Amino acid sequence: DTEKAMSVFNELAPAVSRAHFEYTRHTRPRTDLNSEDSASEAGTPHSMPSRPTFGFEADYLAETLDGLAWEPKTVLKFMHSLRMAKRIHSNRIHSVATMLTQISPTYRDAVRSDQFLMKWLGVIRGESEPLHLVSYGFASSLRWATWHAGWHWVHRRRHKTDVSEKHHKIWTSRKESLTQSSELPKEVVEKLLDAAWSAVQHCVIQRWPEEGRGLRQTMMSWIKPTDDEGPLKDEFLAHFQCIEDSRALQESLCGDLSWMIWNMAWHVANKSKSYSADSQQALVRAERHLQRAFRGVNQWRGVNLGGWFLLEPGPCTHFWEKLPPQAKAQHCEWGACAALGPDEAARRLREHRKTYFTKEDFVEMKAVGLTHVRLPFGAWCVVGPRPGEPYVGPCLDQLDQAMNDLEAAGMNVLLDLHGTPGGENAEPPCGRKDDNWCSQHWSADESLKVLGIVAKRYAGRSCVCGIGVMNEPSETHPAQNLTKYYEDAVEVVRRAGMRAGSVAVVLPIFTEYRIGEFLGLWEQNFAAYEDCVFDVHFYQCFGRVWSMKSLEGHMEAAKTREATLRSLPMCCVSEWSIAFPGGVAPSDEVKLKETYKRFGEIQLKAYETATHGWFFWTWKDSAGIDWNLQECLKQGIIEVPKGGRDSDMYRP
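Remember, it's a predicted structure, so these values are computed and weren't measured experimentally.

**Quick word on the packing of helix H16 (residues 333–340) against helix H17 (residues 342–355)**
Moving on, step 1. Following both chains from N to C, one finds H16 and H17 inclined at 130 degrees, their axes separated by 7 Å at the closest point. By the angle between their directions, the pair H16 and H17 is classed as oblique. Of the residues in H17, those touching H16 at Glu-333, Cys-337 and Leu-340 are Glu-344, Ala-345, Arg-348, Leu-349 and Arg-353.
Moving on, step 2. Tallied by class, residues from the contact of H16 with H17 come to 4 nonpolar, no polar and 4 charged.

As structure tokens, then:
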């Protein structure tokens, strides 16, 4: 065991330290454990003798280990025990391994036969780097294995044998699939699965005590959740201690996988007792750890390309200013096209789409540190206008060219179905300002058709990071209807070739006050949301509630965004700005610039905690600098964060 190994090691420690020093001083730095002759070469500065002969300490070490008369399996047991003893520095462990392989070919072969030990020693010697991320498929499969193991134990405790066996079969199937994966060493995967098995047993037993524990204790388990210590929890921790000490995974990845498993186990246990709040919180944390295990500290840091493939007066004021009076008076793409007539609208729109954003814009975005863009488009750009609609389309050739230019500039693209067939709300951002609009005007079926075409067309593009299924759905849409559409959209996108782990499906929660409602529906069927992202928009300039706040009130409100984002399992902020309602910001130009800068810094600090990232609205906008990221960057009001996110900032 570990304590016994430590006792033996402590007796040998002085000799090990001195022998290691002499060894590295007089010979090559390390022994090649993969070499057949590593334990029997002649004693020269470039080769090793069959046993150490350089100094009293090395001889003493060799004689002491020989005197133990260990069998090969004892050598392996000793080495694995040392791995569990974190108090020993890795260099000293390596020196012991080196000496063991030099004392006899038998010991060398014993160590070399253990692939898990070889991987561990190889990492210590710097031959390979610890893995810092896993694929989405691996992390998700491990999560589901834990989920089925949990329900197996729940139903077993409840004596529902048939259901228990059903989940056990799925657990076994997942287990076999994971162990056959070449993504991680088999020994690491087995330890992960052992840890999951221990975790679910611990959590389920806490919620479903044995009958023999007494009626009062059983009743208390229904009233007040507990999180007792116990041998199964110790087993869980020991398995991950073993993985961490193996150095096969980076510490952050090891931690995220362990907490993903632990929270998923508690989700199942709490769900089985109808502890709704605890169950949901555990599932949210499990998903956030899964995202970090898959994504690491990578972040979508981007900007919207507003006004390009869907006209809005603010982002493309120059277009509006050149319109004839009747068209200029309109406030949406529908109105402008209707006033221009089909031929003139087609001419002007085609020219606008060709010239509004250029390759030079994308190069500039890349140069200032932006990595992603969100590309809003209307459904008519893909399938053309519906009968009676004045929109101009389709324009897939121009959309293709936009994708080519963005990819050439090294930008990643979030495709966003910004204007759905029939409109998802009554406002200009979906293409039409319509005071007579109602939720029945929106066509979910036609929207799914558009998504399928876009997903199939751009499925092979390496620059595509995600696809948004709609923008800012009206709050008159029942949440159940929207989640049904979201789940159907995920299926359509995946069937079209955009796979989970390659392309995220972005699902709006609008407004933020509906987060609780959507989280409840997500938890009921979270299996349908593989590699999805909830999208929220944060503006503090629309509505009476924001006009009533002081400037400091706005700053404090922006700080609360961090807590909001941490409450979501996977999220991005695809629209935000530094705009205030009229009369809130100072009128002095210098103070106004300082206020904008502070407001931007507070928001960015919060948005960096989103699992996926953020997109400013928009790159260029004539409505003012508070909507114009290009100008904000030039004037030093906003600075794009560099590098990966701090791990503390992105804690689940």
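**What about the side chain of Arg-301?**
Moving on, step 1. Here Arg-301 shows up in strand S1 (residues 300–304).
Moving on, step 2. We classify Arg-301 as buried; its relative accessible area is 6%.
Moving on, step 3. Apart from residues lying up to four places away in sequence, Arg-301 is in contact with Leu-370, Thr-371, His-372, Glu-608, Trp-614, Val-640, Pro-641, Lys-642, Gly-643, Gly-644 and Arg-645.

**Comments concerning unusual backbone geometry**
The general pattern is negative phi for most residues beyond glycine and trans for most peptide bonds.
Moving on, step 1. In this chain, Gly-393 is followed by Pro-394 through a cis amide linkage whose omega measures 0 degrees.
Moving on, step 2. For Pro-394, the position within the fold is in the loop between helix H19 (380–383) and helix H20 (396–408).
Moving on, step 3. In the segment running from Phe-510 into Thr-511, the intervening peptide bond is cis, with an omega of 0 degrees.
Moving on, step 4. Note on placement: Thr-511 falls in the loop between strand S5 (504–508) and helix H23 (515–524).
Moving on, step 5. For Glu-472, which is not glycine, the phi torsion reads 45 degrees and is therefore positive.
Moving on, step 6. Along the polypeptide, Glu-472 turns up in the loop between strand S4 (464–468) and helix H22 (479–495).

**Observations regarding the sheet that holds strand S3 (residues 412–419)**
Moving on, step 1. Spatially, S1-S2-S3-S4-S5-S6-S7-S8 is the arrangement adopted by the 8 strands of the closed barrel, whose pairing is parallel. Pairs of neighbouring strands in the sheet enclose a mean axial angle of 25 degrees, with direction left out of account.
Moving on, step 2. As defined by bridge partners, strand S2 (residues 372–378) adjoins S3 across 7 bridges and the pair is classed as parallel. From the neighbouring strand, Pro-376 faces S3, where its bridge partner is Asp-416.
Moving on, step 3. Relative to the sheet, helix H27 (residues 589–607) contacts strand S6 (532–538), strand S7 (571–576) and strand S8 (613–616), its axis offset from that of S7 by approximately 155 degrees.

**What about the pairing of S8?**
Moving on, step 1. Of the two faces of S8, the one holding Gly-613 and Phe-615 and the one holding Trp-614 and Phe-616 are both buried throughout.
Moving on, step 2. Relative to S8, S1 is paired through 4 bridges, and the arrangement is parallel. Across the sheet, the residue bridging to Trp-300 is Gly-613, located in S8.

How each quantity is defined
- Residues numbered from 1 in each chain as written.
- Predicted model: local features only at pLDDT ≥ 70, side-chain atom pairs only at ≥ 80, totals over all residues.
- Heavy atoms only, no water.
- Axes fitted to C-alpha atoms, helices over the stretch in contact; angles between N-to-C directions.
- Helix = DSSP H or I, 4+ residues; strand = E, 2+ residues; numbered from the N terminus.
- Parallel < 35°, antiparallel > 145°, perpendicular 65-115°, else oblique.
- Contact = heavy atoms within 4.5 Å.
- Nonpolar A, V, L, I, M, F, W, Y, C, P; charged D, E, K, R; others polar.
- Buried < 20%, exposed > 50% of the residue type's maximum accessible area, 1.4 Å probe, protein only.
- Pairing = 2+ DSSP bridges.

That is the geometry; function is a separate question.
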